[in-house]
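Coordinate inspection notes
Here are the chains, one letter per residue:
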Amino acid sequence: MGMNIATLVLLFSVSILFGINNGSVCQAGIVGSGLFTFKRASLLVGLGLLLGSLVEGWKTKEFITTYEIPANAEILILTIPLFLLLISTIYGIPMSIAHLLTGAWLGIIMIDAGSIIFNALIVLIIVWVATPIAAIFLSSLLYVILRKIAYKRRLSTIASFNRIALTISSLYTSYVLGSNNIGLLMGVVNAPLYILPTIVLGVLIGSMFMSPKFTKTIGEDFVGMGPLGVLSSLISGSFTVWLATQIGCPASLTNSIMGGIIGAGLVSNPSIVNMRKLYQVTLSWALAGLIGFLLSYFPYILFLSTKTS
């Protein structure tokens, strides 16, 4: 399958914003803790994204391409996340590309298929609600377990464990982001595999050269937690999204990790939970899919759909 130049340029542009906005979630823990420099963290993220998209990216892509969008809607479905990610990034608010793209996809499919795909919609809603909630409980449990294991261990042993564990967990987080969200990004325009390096390059450009400030903003939620809190948040948030990937369902890593931050914060020190950021992320989580849906539904039915009279 070929791809026109306009779609390719938009896909690359969305990938850059995706790297700034979402890729920074993977970097924040190891950068904020001082384990990695910003550029080294970006390279680790790039490796994880590439591995995840190659190994498991087909799962979310398969979910989306079950109801393939018309070719004349590709520009529209990529313009929506480009516009909204740009705004959210300017204001430093993490925005779920999974919710944006899936909402836009549903808006078009609803018109093209004649009725909304209720089974897919129900699964999406359940997963989107369940992943951050599950991350809260899993992170709080994991934090308690890790704290008990670390109790009375030598400081040098704990420090070595933290370095290794945070590096592996950040790589795993990047892997999950690639398997779920990059698979989704390729799926909405049914991109061939040879387009994958272009997407990963865009994400790397965004995460390596353009998102230090954004990474710092998110990292502030991690800094007060300590290594065990960061580790609990990354593992729990990533694991819940990985589970969603196994059923081919797009999900938000940002929201799940924020759920993990809340879970670890509640069992360690509730004051470290940034309530302002929590409200922002919760609002973006609730509205992203709906906004994506509305911004695709009305322009498509008015200007692009062949089923309008």
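This report concerns the structure included in the present document. Note that this is a predicted model, so its numbers are computed, not measured. (Residues numbered from 1 in each chain as written. Predicted model: local features only at pLDDT ≥ 70, side-chain atom pairs only at ≥ 80, totals over all residues. Heavy atoms only, no water.)

Another aspect to go through is the pattern of salt bridges. In the structure shown here, the tally under the stated rule is one salt bridge. Across the pair K59 and E56 runs a salt bridge, and its minimum N-O distance is 2.7 Å. Taken as a pair, K59 and E56 lie in helix α3 (residues 38-65) at a separation of three residues, close to a single helical turn. Like E56, K59 is buried. (Salt bridge = Lys/Arg side-chain N within 4 Å of Asp/Glu carboxyl O. Helix = DSSP H or I, 4+ residues; strand = E, 2+ residues; numbered from the N terminus. Buried < 20%, exposed > 50% of the residue type's maximum accessible area, 1.4 Å probe, protein only.)

On to the packing of helix α1 (residues 5-21) against helix α4 (residues 74-90), then. The relative placement of two packed helices is expressed as an angle between their axes plus a distance between the axes. Contact pair α1 / α4: the axes reach a minimum separation of 9 Å and the direction vectors enclose 30 degrees. When the axes of α1 and α4 are compared, the pair comes out roughly parallel. Every pair of crossing elements has a handedness; the one defined by α1 and α4 is left-handed. Contacts between α1 and α4 pair A6, T7, L10, L11, S13, V14, L17, F18, I20 and N21 from the former with E74, I75, L78, T79, P81, L82, L85, L86, S88 and T89 from the latter. A class-by-class count of the residues in the contact of α1 with α4 yields 13 nonpolar, six polar and one charged. (Axes fitted to C-alpha atoms, helices over the stretch in contact; angles between N-to-C directions. Parallel < 35°, antiparallel > 145°, perpendicular 65-115°, else oblique. Left-handed = near helix turned anticlockwise from the far one by under 90°. Contact = heavy atoms within 4.5 Å. Nonpolar A, V, L, I, M, F, W, Y, C, P; charged D, E, K, R; others polar.)

To continue, consider the environment of Y172. If you trace the backbone, Y172 turns up in helix α7 (residues 155-188). Using a relative accessible area of 25% as the deciding quantity, one classes Y172 as partly exposed. Taking C-alpha positions, Y172 is 9.0 Å from V45, a pair spaced 127 residues apart along the chain. If sequence neighbours within four positions are ignored, Y172 has contacts with S238, F239 and W242.

With that settled, consider the packing of helix α6 (residues 118-150) against helix α10 (residues 227-246). One can describe the packing of α6 onto α10 by two numbers: an axis separation of 8 Å at closest approach and a directional angle of 140 degrees. Read as a crossing pair, α6 and α10 show a hand that is right-handed. The segment α6 lies against α10, with V127, T131, A134, A135, L138, S139, L142, Y143, L146, R147 and A150 engaging L228, G229, L231, S232, S233, I235, S236, G237, F239, T240 and A244. A breakdown of the residues in the contact of α6 with α10 according to their chemical character gives 13 nonpolar, eight polar and one charged.

Before going further, it helps to examine α4. What sets the pattern is the α-helix's 3.6 residues per turn: residues three or four places apart point alike. Its 17 residues give α4 an end-to-end C-alpha distance of 25 Å, which sits within 8% of 24 Å, the value for a rise of 1.5 Å per residue. Residues of α4 that are buried include every one of E74, L76, I77, L78, I80, P81, L84, L85, S88 and T89, and no others. Among the residues trailing α4, G92 stands out with phi positive, at a value near 70 degrees. (Expected span 1.5 Å × (residues − 1).)

A few words on the packing of aromatic side chains. For the structure on display, the rule yields four aromatic pairs. Relative to W242, the ring of F239 has its centre 6.0 Å away and its plane inclined at 20 degrees; by these criteria the two rings are stacked. In this pair, F239 and W242 are both assigned in helix α10, three residues apart and thus about one turn of the helix distant. Judged by its relative accessible area of 26%, W242 is partly exposed. Here the aromatic rings of Y297 and F298 are separated by 5.1 Å at their centres, their planes lie at 85 degrees, and the arrangement is edge-to-face. Classification of F298 by relative accessible area gives partly exposed; the value is 44%. By the ring-pair criterion, three or more aromatic residues cluster together here, those being F293, Y297 and F298. (Phe/Tyr/Trp six-rings, centres within 6.5 Å; stacked < 30°, edge-to-face > 60°.)

Let's shift gears to the side chain of S236. For S236, the position within the fold is in helix α10. Residues in contact with S236, not counting those within four places in the same chain, are A135, L138, S139 and G260.

Checked against the element boundaries, V189 lands in the loop between α7 and α8 (196-209). Sequence spacing of V189 and M3 is 186 residues, and the spatial spacing of their C-alpha atoms is 8.9 Å.

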